[in-house]
Amino acid sequence: MKIIFHEDYNDSTYVSDTAAAAGRMEAIMDVLSRESGYPVIKPVAAGVDDLLRAHTREHVDTIRQDDKLFHMALLAAGGAISATEIAYSGEPAFACIRPPGHHASRNSHWGFCYFNNMGIALLKLMSKDEIKGAFVLDFDAHKGDGNIDVLSEHPEIRILNPFSTDRQAYIEEIEKTLKEIKGIDIIGVSAGFDSYEKDLGKKLKRFDFYLMGRLLKKASKRLCDGRRFAVLEGGYYQADLGKNVLAFCQGFDD
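A few points on the structure. Bear in mind the structure is a predicted one, so any value in this text is a computation, not a measurement.

A separate point is the sheet that holds strand 7 (residues 228-232). Hydrogen bonds between backbone atoms are what pair the strands of a sheet, whose relative direction is either parallel or antiparallel. Strand order in the open sheet formed by seven strands is 2-1-3-7-6-4-5, and the pairing between neighbours is parallel. The sheet is open, and its two borders are formed by strand 2 (40-41) and strand 5 (157-160), each paired with just one other strand. Of the pairings in the sheet, the one linking strand 1 (residues 2-4) to strand 3 (residues 93-95) comprises three bridges and is parallel in character. Bridge pairing in strand 3 places Lys2 opposite Ala93. Contacts from helix 7 (residues 167-180) reach strand 4 (134-138) and strand 5, with the element oriented near 165° to strand 5.

Right, let's get into the packing of helix 1 (residues 24-35) against helix 9 (residues 238-252). Direction vectors running N to C along helix 1 and helix 9 enclose 45°, while the axes themselves pass 8 Å from each other. One way to sum up the angle between helix 1 and helix 9 is to call them oblique. In this structure, the crossing between helix 1 and helix 9 has a hand that is right-handed. Here Arg24, Ala27, Ile28, Val31, Leu32 and Glu35 of helix 1 come into contact with helix 9, specifically with Gln238, Leu241, Gly242, Lys243, Val245 and Leu246. Taken together, the residues of the contact of helix 1 with helix 9 sort by class into seven nonpolar, two polar and three charged.

Counting buried residues in strand 6 (residues 186-191) gives six out of six residues, a clear majority hidden from the surface. Of the two faces of strand 6, the one holding Ile186, Gly188 and Ser190 and the one holding Ile187, Val189 and Ala191 are both buried throughout. Bridge count between strand 4 and strand 6: five bridges; the pairing is parallel. By the bridge assignment, Val136 is partnered in strand 6 with Gly188. As paired elements, strand 6 and strand 7 share five bridges and run parallel to each other. Each residue of the ladder has a partner; that of Ser190, found in strand 7, is Val231. Of the crossover connections in this fold, the one passing from strand 6 over helix 8 (residues 206-223) to the parallel strand 7 is right-handed.

This part takes up helix 7. Here helix 7 spans 20 Å end to end across 14 residues, near enough to the 20 Å set by a 1.5 Å rise per residue. Along helix 7, the positions that sit buried rather than exposed are Tyr170, Ile171, Glu173, Ile174, Thr177 and Leu178. Down the axis, helix 7 shows its buried residues gathered within 150° of arc, on one side only. Away from its buried face by more than 90 degrees, helix 7 exposes Gln168, Lys176 and Lys179. In this structure, the buried side of helix 7 is in contact with strand 4, strand 5 and helix 8.

All right, on to the nonpolar core then. Counting residues in each nonpolar core, the largest one holds 84 residues, and the members touching the most others are Phe94, Leu122, Phe139, Phe193 and Phe248. Considering each element in turn, this core owes the most residues, 13 residues, to helix 4 (residues 67-88).

Next up on the list: the layout of surface pockets. The volume enclosed by the largest pocket comes to roughly 170 Å³. Forming the boundary of the largest pocket are Ile171, Glu175, Leu178, Lys179, Leu211, Arg214, Leu215, Lys218, Ala219 and Arg222. Broken down by secondary-structure element, the contributors of at least two residues to the lining of the largest pocket are helix 7 and helix 8. Take the lining of the largest pocket: its biggest share by element is six residues, from helix 8. Taken together, the residues of the lining of the largest pocket break down into five nonpolar, no polar and five charged.

The next thing to look at is the packing of helix 3 (residues 57-64) against helix 4. For any two helices packed against each other, the geometry is given by the interaxial angle and the distance between the axes. Across the interface, helix 3 lies against helix 4 with an axial gap of 7 Å and an inter-helix angle of 120°. By the criterion of interaxial angle, the relationship of helix 3 to helix 4 is oblique. Packed against helix 3, whose contacting residues are Val60, Ile63 and Arg64, the element helix 4 presents Asp67, Leu69 and Phe70 at the interface.

Time to look at the pattern of salt bridges. With the rule as written, the count across this model stands at 18 salt bridges. Note that Lys68 and Asp11 form a salt bridge whose closest N and O atoms lie 3.9 Å from each other. Of this pair, Lys68 sits in helix 4 while Asp11 sits in the loop between strand 1 and helix 1, and the two are 57 residues apart along the sequence. The exposure class of Lys68 is partly exposed, given its relative accessible area of 38%. For Asp11, a relative accessible area of 27% translates into the label partly exposed. Of the charged contacts in the structure, one is a salt bridge between Glu35 and Arg34, with a shortest N-O distance of 3.3 Å. One network of salt bridges, with partners in common, ties together Asp50, Arg53 and Lys124.

Criteria and cut-off values
Residues numbered from 1 in each chain as written. Predicted model: local features only at pLDDT ≥ 70, side-chain atom pairs only at ≥ 80, totals over all residues. Heavy atoms only, no water. Pairing = 2+ DSSP bridges. Helix = DSSP H or I, 4+ residues; strand = E, 2+ residues; numbered from the N terminus. Contact = heavy atoms within 4.5 Å. Axes fitted to C-alpha atoms, helices over the stretch in contact; angles between N-to-C directions. Parallel < 35°, antiparallel > 145°, perpendicular 65-115°, else oblique. Left-handed = near helix turned anticlockwise from the far one by under 90°. Nonpolar A, V, L, I, M, F, W, Y, C, P; charged D, E, K, R; others polar. Buried < 20%, exposed > 50% of the residue type's maximum accessible area, 1.4 Å probe, protein only. Right-handed = clockwise from strand over helix to strand, strands pointing away. Expected span 1.5 Å × (residues − 1). Arc of directions from axis to C-beta. Core = buried A, V, L, I, M, F, W, Y, C linked by side-chain atoms within 4.5 Å. 1 Å grid on protein atoms, 1.4 Å probe; cavity = no way out; pocket = protein on both sides within 12 Å on 5 of 7 lines; lining within 4 Å. Points joined across faces, edges and corners; volume = space filled by probe spheres on them. Salt bridge = Lys/Arg side-chain N within 4 Å of Asp/Glu carboxyl O.

Purely geometric stuff here, so don't read any function into it on its own.
And the structure:
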């Protein structure tokens, strides 16, 4: 298991929003560094050609107008790409990145997201003919409308945003879907920890993040030679954020 992280993700001045809150990334990396022992890989920024597989040039040029935001958004997309490359080689990876991406559509953005990190990463693998199909689980508290928009032209990529309001039914919905999946080459996760019981979603307990990680690990070994990766989306309750991410990674790891 590898963690993708760049020290620039600690910069909370690139924009003023909840995802850019000071201390948010430190809350995760402090726990992962102290308790996980996972090696940390430093990503490089995505290229504009990578962005244009998922976004219009007009949208890219809009974000480019803000130099600091553009740098951070390119670096986040690059972190997601690094995670897919590691996953494709057969080792699980978690991209601890910001800004998040699952609300960024082809020609618009909202919800603290600027480029669609998940879409950019998967479409790059597809452009190299390394994958033909994928499954994406988005367990953020908010529906990943950007993931759906960017990947809508690729029916071979299936996306699940669980809708069950009860935590047990939520896990069962994921488990049922994973049993039905066929013909995929990789599993990607839009990991939004704001679905936590003390965060915005007010639903899942820490152990549920571990369970989801474990279910995804088992499914990846059955379906796609263990290829699996996750990218950070939401998660704002800093007191428990690092421990929740660690719980997921422990389930997701070999």
